[in-house]
Amino acid sequence: MPSPPEFERSPPSSFPGTPPYGPSPPNNFRPSPPIYLPPVVFPPPSGPPPAHKKPQNRAWCVAKPTVPGPIIQEAMDYACGTGADCKSIQPDGSCYRPEGLLAHASYAFNSYWQNAKVGGGTCDFGGTAMLVTVDPSKSHHHTFMAQ
């Protein structure tokens, strides 16, 4: 009976030991250090920056002049009690005027609304307020005092 074939421990010669992926680096090969480019530097500005433009869509929340005084007072009390800065329109405040209910309410409504609008607050106050696009502090009617 013939003897079994002998087992070869090394791979057959048709399979080389190192795969042919390309040339091998020379034995004394050392990678060069990375090259870092200098940062890009822009020339300094030649003059002052352009003037800031005022937003085109400015608005103010003011009291409606047709609403009766007692209702305006109640809405103003609500605004002052829930976030409006009403220190200036108190009797000892710098913007207080004894006959200025409409101006005081407008001041309170706008103070409240300017702070609350980012969170979804509205300029309504139970129908006693409205939005205007002309700065009421610069209006000739003077129904609103500047903050």
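Rules of the game
Residues numbered from 1 in each chain as written. Predicted model: local features only at pLDDT ≥ 70, side-chain atom pairs only at ≥ 80, totals over all residues. Heavy atoms only, no water. Helix = DSSP H or I, 4+ residues; strand = E, 2+ residues; numbered from the N terminus. Buried < 20%, exposed > 50% of the residue type's maximum accessible area, 1.4 Å probe, protein only. Contact = heavy atoms within 4.5 Å. Areas by Shrake-Rupley, 256 points an atom, 1.4 Å probe, with all protein chains shown as cover. Polar contact = N/O pair within 3.5 Å; in protein donor to acceptor, adjacent residues only side chain to side chain. Phe/Tyr/Trp six-rings, centres within 6.5 Å; stacked < 30°, edge-to-face > 60°. Lys NZ or Arg CZ within 6 Å of the ring centre and 35° of its normal. Disulfide = S-S within 2.5 Å.

Visitor: Describe the overall build of the protein, with residues and values.
Guide: Looking only at helices and strands, the protein features 2 helices and 2 strands. Shown N-terminal to C-terminal, the secondary structure of the protein runs as helices and strands in the order β-α-α-β. Burial status across the protein gives 25% buried among its 147 residues. For the protein, long-range pairs separated by at least 24 residues make up 73% of all intrachain contacts whose partners lie at least 6 apart in sequence. Accessible surface, the protein as shown: approximately 12,000 Å² in total, 60% of it carbon and sulfur.

Visitor: Could you give an account of the environment of Pro68, with specific residues and numbers?
Guide: Within the element layout of this structure, Pro68 appears in the loop between strand S1 (60-63) and helix H1 (69-81). Under the relative-accessibility criterion, Pro68 is labelled partly exposed at 46%. The spatial distance from the C-alpha of Pro68 to the C-alpha of Thr128 is 9.1 Å, given a sequence separation of 60 residues.

Visitor: Provide a residue-level description of the side chain of Thr128, including the pertinent values.
Guide: Take Thr128: it is sitting in the loop between helix H2 (101-116) and strand S2 (129-132). Only 2.6 Å separates the side chain of Thr128 from the backbone oxygen of Phe125, close enough to count as a polar contact. The contact partners of Thr128, leaving out residues within four places of it in the chain, are Val62, Ala63, Lys64, Val67, Ile71, Ile72, Ala75 and Phe109.

Visitor: Give a description of unusual backbone geometry that names residues and reports values.
Guide: Despite not being glycine, Phe125 shows a phi value in the positive range, around 50°. Among the secondary structure elements, Phe125 is positioned in the loop between H2 and S2.

Visitor: Describe in detail the packing of aromatic side chains, supporting the description with residues and values.
Guide: Counting across every chain of the model gives 4 aromatic pairs. Both rings, one in Tyr78 and one in Tyr112, keep their centres 6.4 Å apart while their planes meet at 50°; by these two values the pair is tilted. Remark: Tyr112 occurs in helix H2 and Tyr78 occurs in helix H1; sequence separation between them is 34 residues. Note on Tyr78: relative accessible area 45%, which makes it partly exposed. Relative to Phe125, the ring of Phe109 lies with its centre 4.3 Å away and its plane at 10°, an arrangement referred to as stacked. Taken as a pair, Phe109 in helix H2 and Phe125 in the loop between H2 and S2 lie far apart in primary sequence, 16 residues in all. No difference in accessibility class separates Phe109 from Phe125, as the two residues are buried. Taken together, the ring pairs connect Tyr78, Phe109, Tyr112 and Phe125 into an aromatic cluster. Here Lys117 stacks its cationic end above the ring of Trp113, 4.5 Å away from the centre of that ring.

Visitor: Please provide a residue-by-residue account of the state of the cysteines, values included.
Guide: Disulfide: a covalent bond connecting the sulfur atoms of a pair of cysteines. Under the criterion given, the structure shown has 2 disulfides. With its sulfur 2.0 Å from that of its partner, Cys61 forms a disulfide with Cys123. Between Cys61 and Cys123, the S-S torsion sits near 90°, and that sign places the bridge as right-handed. Highlighted residues: Cys61 in strand S1 and Cys123 in the loop between H2 and S2, separated in sequence by 62 residues. For Cys61, a relative accessible area of 0% gives the class buried. Owing to a relative accessible area of 13%, Cys123 belongs among the buried residues under this scheme. The disulfide partner of Cys80 is Cys86, and the S-S distance across this bridge is 2.0 Å. The sign of the S-S torsion, about -90°, decides the handedness of the disulfide formed by Cys80 and Cys86: left-handed. Given a relative accessible area of 26%, Cys80 falls into the partly exposed group.

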